[in-house]
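As a plain string of letters, each chain reads:
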Amino acid sequence: MDGQTLVFFTAIEDQGGVIVKETPKFDLDLYIQNYKGRTRFERLFHIGRSSVPLCVDALKAAVQEAKAGSDILRYQMAVNSLLQAAPNEPEAFLDRAWMGAKEKENRDTTTHLQAELQGYKNNLIKESIRMGNEDLGKHFEAIGDVEAAMDSFWKMRPDVSSTEQLVDIGKLLVRVAIERHDWKSVSNHLSKHVNTANDSDPKAKALKTYSKIANGIAALGQERYKEAAFSFVEASSDVPPEVYNQIASPNDVAIYGGLLALATMDRHELQAFLLDNDSFREFLQREPHIRRAITQFVNGRYAACIEILESYRPDYLLDIYLQKHVSKLYADIRTKSIVQYLKPFSCVRLDTMQRAFNGPGPSIEDELFTMIKDGKLNARIDAISKSITPISTDSRQQMQSYALQTFENYEKQALDRIRRMNIMAADLEVKGSRKTGGMNDIPLSMAMDDTASLA
């Protein structure tokens, strides 16, 4: 890392950004080919400002991607970042001529589409008004005015004439909301528009998969990890990637679903919903290391699972949706692994735990102490013998308590039934409690006063 790049990443780190110094395992060109639309620039720009080894290549690709579109602000952002990181690159200088021409083109297109839409409104042609708003919204989205784009897409609603058109509006709104990272809006638009489609529609499977992936991204952004895991797992691998590659790729579905499932599901759920799921197993074929990590966890080889995941941590830190959650997800997976590792044993030596999970690194004793303190692990550490003893509940005592409680409940119910049978046999009637608000509820003092006044 040269001096200029060091200054660039130091400034980003000071602003709270995540810096990845390790070289990722993916090839940048092959990686970005999995996506279409505006997410391509977002991912390239994100990698350029996060990865030290890929910084220059990613930012140069982001400049080219922005220049191929109409968003001048994105072009300026990419060029300015490249100028700070690598000022000697030819792409690190603004193309003023292109910017001027593109700004005029954007302005002329906006004026033309607005005039065209006004003509449709004057003629009261609903279908043309809907299409006019759609064209204007897509134009605003292309030039980076996402607020105006969402407003135009929303104005299409009064002029829809079919469920399919309503679903199309929902997908447009979801796409813009994902770009804004407005996760609540993503969920709302999915429920109001996209999920209203008829199951008999031939496009239903594709639509359901798009909805599941979008909902998974939104749930991930809101840290609803288990909901997100099930959303990704329920996506269909039969749907072509072109249906959803503006928000995610099939590889993303495998990675997101696998990591989230490892962090939130137990071994039986992992086996049933992932490894035995024919559709999701097709996704896992694209990311075999995720499948291996899940298999290792299910088979009780927790240290091997963690080792696989750690080797891919740099890759996941470069993902625009995963980056903020990698540390927490990895911590949850590690905590689950330690708890599951201790379950079969009555006592484990700390040096054995050290070899299994930390190797020659820092002592695992402090980590175990923190887990016990936080209530994540029910165990006791013996500092003298350097061992940890899981505290398991006495299943026999639990069963006896449950049986006694069941007997008491049965005895009470039986006595109540016998009492009721005797009352009915004696031809007696049990009156219910008196209703409030009647004459019988007048206080005694008031009744005596009224009687005295009548006398």
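No experiment lies behind these values; they were computed from the predicted model shown.

**Student:** How should I be thinking about the overall build of the protein chain in this particular structure?
**Tutor:** If you tally the helices and strands in the protein chain, you get 23 helices and three strands. By element, 52% of the accessible surface of the protein chain is carried by carbon and sulfur atoms, the whole surface being about 25,500 Å².

**Student:** I would appreciate a short explanation of the sheet that holds strand β3 (residues 387-390) in the present structure.
**Tutor:** Spatially, β1-β3-β2 is the arrangement adopted by the three strands of the open sheet, whose pairing is antiparallel. In this open sheet, the two edge strands, each paired with only one partner strand, are β1 (348-349) and β2 (379-382). Pairing analysis gives four bridges linking β2 to β3, with the strands arranged antiparallel. Among the inter-strand pairings, Arg380 is bridged to a residue of β3, identified as Thr389.

**Student:** How should I be thinking about the layout of surface pockets in this particular structure?
**Tutor:** Take a probe with the size of a water molecule and roll it over the atoms, and the empty space left behind shows itself. There is about 690 Å³ of room inside the largest pocket. Surrounding the largest pocket, 27 residues form its lining, Glu42, Phe45, His46, His181 and Ile320 being those nearest its centre. At the level of elements, α3 (39-48), α5 (72-85) and α11 (204-221) are the ones that each hand at least two residues to the lining of the largest pocket. Of the residues forming the lining of the largest pocket, the biggest block, four residues, is contributed by α3. Partitioned by chemical class, the residues of the lining of the largest pocket number 11 nonpolar, nine polar and seven charged. Each pocket or cavity is described by its volume, and for the second largest pocket that value is around 380 Å³.

**Student:** How should the pattern of salt bridges be read in this particular structure?
**Tutor:** Two side chains of opposite charge can pair, provided their charged atoms sit close to one another. Applying the stated rule across the entire model yields 30 salt bridges. Between Glu179 and Arg38 there is a salt bridge, with the nearest N and O atoms lying 2.8 Å from each other. Remark: Arg38 occurs in the loop between α2 (28-32) and α3 and Glu179 occurs in helix α9 (residues 163-179); sequence separation between them is 141 residues. Take Glu179: its relative accessible area is 16%, and that puts it in the buried class. When salt bridges that share partners are traced, they join Arg38, Glu42, Asp71, Arg74 and Glu179 into one network.

**Student:** Could you clarify how one ought to interpret the packing of α5 against helix α6 (residues 96-123) in this entry?
**Tutor:** Helix-helix packing: each pair is described by the crossing angle between the helix axes and the interaxial distance. At a minimum axis separation of 10 Å, α5 and α6 run at an interaxial angle of 160°. Between α5 and α6, the crossing angle belongs to the class labelled roughly antiparallel. In this structure, α5 contributes Ile72, Tyr75 and Gln76 to the contact, and α6 contributes Trp98, Met99, Lys102, Glu103 and Asn106. Tallied by class, residues from the contact of α5 with α6 come to four nonpolar, two polar and two charged.

**Student:** Could you clarify how one ought to interpret the packing of aromatic side chains in this entry?
**Tutor:** What characterises a pair of aromatic rings is the spacing of the ring centres plus the angle enclosed by the ring planes. Evaluated as defined, the whole model comprises 13 aromatic pairs. Here the aromatic residues Phe26, Tyr31 and Tyr35 are joined through ring pairs into a cluster of three or more. Across from the ring centre of Tyr312, 5.3 Å away, lies the NZ or CZ of Lys25, which sits over that ring. Note that Arg157 overlies the ring of Trp154, its terminal NZ or CZ placed 5.2 Å from the centroid.

**Student:** Explanation requested: the pairing of β3 in the structure shown.
**Tutor:** Regular strands have side chains that alternate between both faces of the sheet. Pairing between β1 and β3: two bridges, direction antiparallel. Within β3, the residue paired with Arg349 across the bridge is Ser387.

Conventions used here
Residues numbered from 1 in each chain as written. Predicted model: local features only at pLDDT ≥ 70, side-chain atom pairs only at ≥ 80, totals over all residues. Heavy atoms only, no water. Helix = DSSP H or I, 4+ residues; strand = E, 2+ residues; numbered from the N terminus. Areas by Shrake-Rupley, 256 points an atom, 1.4 Å probe, with all protein chains shown as cover. Pairing = 2+ DSSP bridges. 1 Å grid on protein atoms, 1.4 Å probe; cavity = no way out; pocket = protein on both sides within 12 Å on 5 of 7 lines; lining within 4 Å. Points joined across faces, edges and corners; volume = space filled by probe spheres on them. Nonpolar A, V, L, I, M, F, W, Y, C, P; charged D, E, K, R; others polar. Salt bridge = Lys/Arg side-chain N within 4 Å of Asp/Glu carboxyl O. Buried < 20%, exposed > 50% of the residue type's maximum accessible area, 1.4 Å probe, protein only. Axes fitted to C-alpha atoms, helices over the stretch in contact; angles between N-to-C directions. Parallel < 35°, antiparallel > 145°, perpendicular 65-115°, else oblique. Contact = heavy atoms within 4.5 Å. Phe/Tyr/Trp six-rings, centres within 6.5 Å; stacked < 30°, edge-to-face > 60°. Lys NZ or Arg CZ within 6 Å of the ring centre and 35° of its normal.

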